[in-house]
Amino acid sequence: MLLRALMKNQTDENRTLLDHLSVIPDPRIEKKCAHKLEDIIAITVCAVICGADDWNAIESFGKAKKDWFSTFLDLPNGIPSHDTFRRLFSIMAPTVFQEFFVGWVNNVADKVGGVVAIDGKTVRRSHDKGVGKKAIHMVSAWSSENNLVLGQVKTDEKSNEITAIPELLQILSLKSCIVTIDAMGCQKNIAKQIVDGGGDYVLALKGNQGALSEQVESYFTEANKTSFEGLNVDYYETKEVSRNRYEIRRHWTLNISETRIDIEPWSKLNIIGMVESQRTINNQTSVEYRYYIGSIENDAELFGNTVRRHWGVENNLHWQLDMSFREDESRMRKGHSAENFVVMRHVALNLLKKDKSVKLGIKNKRLKAGWDESYLAKLLMAA
């Protein structure tokens, strides 16, 4: 009864995950519904938090925790079957879950700021060769400051991230954020959309922006030969030592106005940047150069920290989904189930990341939630 009592004390400004679940529209025929929509989704979220990764496991978890669920869910006909979970997630429009997710995250995050890294990930076993269905590819936004997934959009099977990124940006609040995207997202319309939304950008350059990439690389090469003499260059260096690895990262930024690079079509383009990564591993040294454009100020430290934080989407999101949630092993593929279940994993990861009450990794937090109902209740009540 404790969880139900806590729910009653929530204010409109402090709505919980369960509050947001209660307003999701039901796609089913009302007269044929034996189970409430919010009950099904709440059980799914809890099961995913605690380690379930398929419909049978979710049903088994629900039955094992039926007495606990009964303290705050209605459960008019008990725990749903695995077929009921599967059918609902197969027919639920992904846009509905997307709206729910973004609304909930906006409530959870006190204020979104800093670096927002956008990157894609393929759910490798979500393909279905029998019907010619490819594995789904999700583009997600990760807030390095809030340590949260902010949103996600599936790419069209016949398209790529270039079309999905604008859809994702459209649902995000970008004011005062610095959006980072790899070379795939280095597009004029994407830069303009970020600026129009009140944000700044740092975009990686590669072959898809051939002329611009060549100009930036050539300019840095020539300027470096003269040690940037006569140029208002800013410089920042970091060193990292770990066991048999030693890395020096050198960062340079230049005002675009000081170069001969054609920038007219790019919205608010202010700087070009270069990163030199010198790595020594087991006495073997390699050097890599990466080039960027950005709307941020000519500040090499800001640039270096921004580029570094971009990799949080790989380390804190994609790696966790693969290692802690075993996402690439998931065989969900019926209807919209694979895409909707990605959202469920993101919900679970956000709740686990947000909790600071225990000093455990994500995997062990999931185990603790499965063993300790009071801890699971605490995760659900996080606002």
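Residues numbered from 1 in each chain as written. Predicted model: local features only at pLDDT ≥ 70, side-chain atom pairs only at ≥ 80, totals over all residues. Heavy atoms only, no water.

Visitor: Looking at this structure, how should I read the environment of Ser22?
Guide: On the secondary structure map, Ser22 appears in the loop between helix 2 (17-21) and helix 3 (37-49). Sequence separation of Ser22 and Phe100 is 78 residues, and the distance between their C-alpha atoms is 9.9 Å. (Helix = DSSP H or I, 4+ residues; strand = E, 2+ residues; numbered from the N terminus.)

Visitor: Looking at this model, I keep getting lost on the sheet that holds strand 1 (residues 114-122). Mind explaining?
Guide: Hydrogen bonds between backbone atoms are what pair the strands of a sheet, whose relative direction is either parallel or antiparallel. Across the sheet, nine strands lie side by side as 3-2-1-4-5-9-8-7-6; this open sheet has mixed pairing. On the outer flanks of this sheet lie strand 3 (148-154) and strand 6 (234-242), each paired with one strand and no other. Taken over all neighbouring pairs, the strand axes of this sheet differ in orientation by 20 degrees on average, direction set aside. Two strands pair when backbone bridges link them, and strand 4 (residues 177-181) and strand 5 (residues 200-205) are joined in this way by four bridges, in the parallel orientation. Following the sheet pairing, Thr180 is matched in strand 5 by Val202. (Pairing = 2+ DSSP bridges. Axes fitted to C-alpha atoms, helices over the stretch in contact; angles between N-to-C directions.)

Visitor: Please explain the packing of aromatic side chains as it appears in this structure.
Guide: For any pair of aromatic rings, the description rests on two quantities: the centre-to-centre distance and the angle between the ring planes. Under the criterion given, the structure shown has 15 aromatic pairs. Ring plane angle 70 degrees and centroid distance 6.5 Å describe the contact between Phe89 and Phe341, whose orientation is recorded as edge-to-face. Of this pair, Phe89 sits in helix 6 (residues 82-91) while Phe341 sits in helix 13 (residues 337-354), placing them 252 residues apart in sequence. Assigned by exposure class, Phe89 and Phe341 land together as buried. A cation sits over an aromatic face here: Arg366 above Phe325, 3.9 Å from the ring centre. Lying across the ring of Tyr375, Lys368 places its NZ or CZ 5.3 Å from the centre. (Phe/Tyr/Trp six-rings, centres within 6.5 Å; stacked < 30°, edge-to-face > 60°. Buried < 20%, exposed > 50% of the residue type's maximum accessible area, 1.4 Å probe, protein only. Lys NZ or Arg CZ within 6 Å of the ring centre and 35° of its normal.)

Visitor: Would you take a moment to explain the pattern of salt bridges for this structure?
Guide: Once their charged atoms are close, side chains differing in charge can pair, the charge on each being opposite to the other. Applying the stated criterion across every chain, the model contains 24 salt bridges. Taking the shortest distance from any N to any O, the salt bridge between Glu327 and Lys121 comes out at 2.7 Å. Separated by 206 residues along the polypeptide, Glu327 in the loop between helix 12 (312-323) and helix 13 and Lys121 in strand 1 bring together distant segments of the chain. Each of the two residues, Glu327 as well as Lys121, counts as buried. Among the charged side chains, a salt-bridge network with shared partners connects Glu240, Arg245, Glu247, Arg249, Arg279, Glu288, Arg290 and Arg308. (Salt bridge = Lys/Arg side-chain N within 4 Å of Asp/Glu carboxyl O.)

Visitor: Teacher, can you tell me more about the pairing of strand 5 here?
Guide: Taken residue by residue, a regular strand's side chains alternate between the two faces of the sheet. Most of strand 5 sits out of view: six of its six residues are buried. Burial along strand 5 is two-sided: the face carrying Asp200, Val202 and Ala204 and the face carrying Tyr201, Leu203 and Leu205 are both buried. Taken together, strand 4, helix 9 (residues 188-196) and strand 5 constitute a β-α-β crossover, and its handedness is right-handed. (Right-handed = clockwise from strand over helix to strand, strands pointing away.)

Visitor: What is the right way to read the side chain of Lys353 from this model?
Guide: Within the secondary structure, Lys353 sits in helix 13. Here Lys353 sits buried without a salt bridge, and the closest side chain of opposite charge, Asp355, lies 12 Å off (N-O distance). For Lys353, the contacting residues outside a window of four places in its chain are Trp142, Asn147, Asn316, Gln320, Ile362 and Lys365. (Lys, Arg positive; Asp, Glu negative; His and termini not counted. Contact = heavy atoms within 4.5 Å.)

Visitor: Looking at this structure, how should I read the pairing of strand 6?
Guide: Both strand 6 and strand 7 (residues 245-255) contribute to a ladder of nine bridges, which runs antiparallel. Across the sheet, residue Lys239 finds its bridge partner in strand 7, namely Ile248. Once strand 6 ends, the chain turns through two residues before running back antiparallel as strand 7, passing Arg243 with a positive phi of about 50 degrees.

Visitor: What's the story with the packing of helix 3 against helix 6 in this structure? I'm lost.
Guide: If you want to describe how two helices pack, look at the angle between their axes and the distance between the axes. Interaxial distance between helix 3 and helix 6 falls to 11 Å at its minimum, and their mutual angle equals 100 degrees. The angle between the axes of helix 3 and helix 6 places the two elements in the roughly perpendicular class. For the pair formed by helix 3 and helix 6, the contact residues are Leu37, Ile40, Ile41, Ile43 and Thr44 on the first element and Thr84, Phe85, Leu88 and Phe89 on the second. (Parallel < 35°, antiparallel > 145°, perpendicular 65-115°, else oblique.)

Visitor: Help me understand helix 10 (residues 210-225), please; the structure alone is not making it clear to me.
Guide: In an α-helix, one turn spans 3.6 residues, which is why side chains three or four residues apart end up on the same side. Compared with an ideal rise of 1.5 Å per residue, which puts 16 residues at 22 Å, helix 10 spans 23 Å between its outermost C-alpha atoms and is within 8% of the ideal. What helix 10 keeps buried is the set Leu212, Ser213, Val216, Tyr219, Phe220 and Ala223. Down the axis of helix 10, the buried set is contained in an arc of 135 degrees. They therefore lie on one face. Exposed and facing more than 90 degrees away from the buried side of helix 10 are Ala211, Glu214 and Lys225. (Expected span 1.5 Å × (residues − 1). Arc of directions from axis to C-beta.)

Visitor: Help me understand the nonpolar core in this model?
Guide: Soluble globular proteins tend to pack their nonpolar side chains together in the buried interior. In this structure, Ile49, Phe100, Ile293 and Met344 are the most contacted members of the largest nonpolar core, which totals 102 residues. Element by element, the count of residues in this core is highest for helix 3, at 10 residues. When residues no more than four places from it in sequence are discounted, the contact partners of Ile49 are Ala348, Leu351, Leu352, Arg366, Ala369, Leu376 and Leu379. Among the nonpolar cores identified, the runner-up in size contains nine residues, and Ile178, Tyr292, Ile296 and Val307 belong to it. (Core = buried A, V, L, I, M, F, W, Y, C linked by side-chain atoms within 4.5 Å.)

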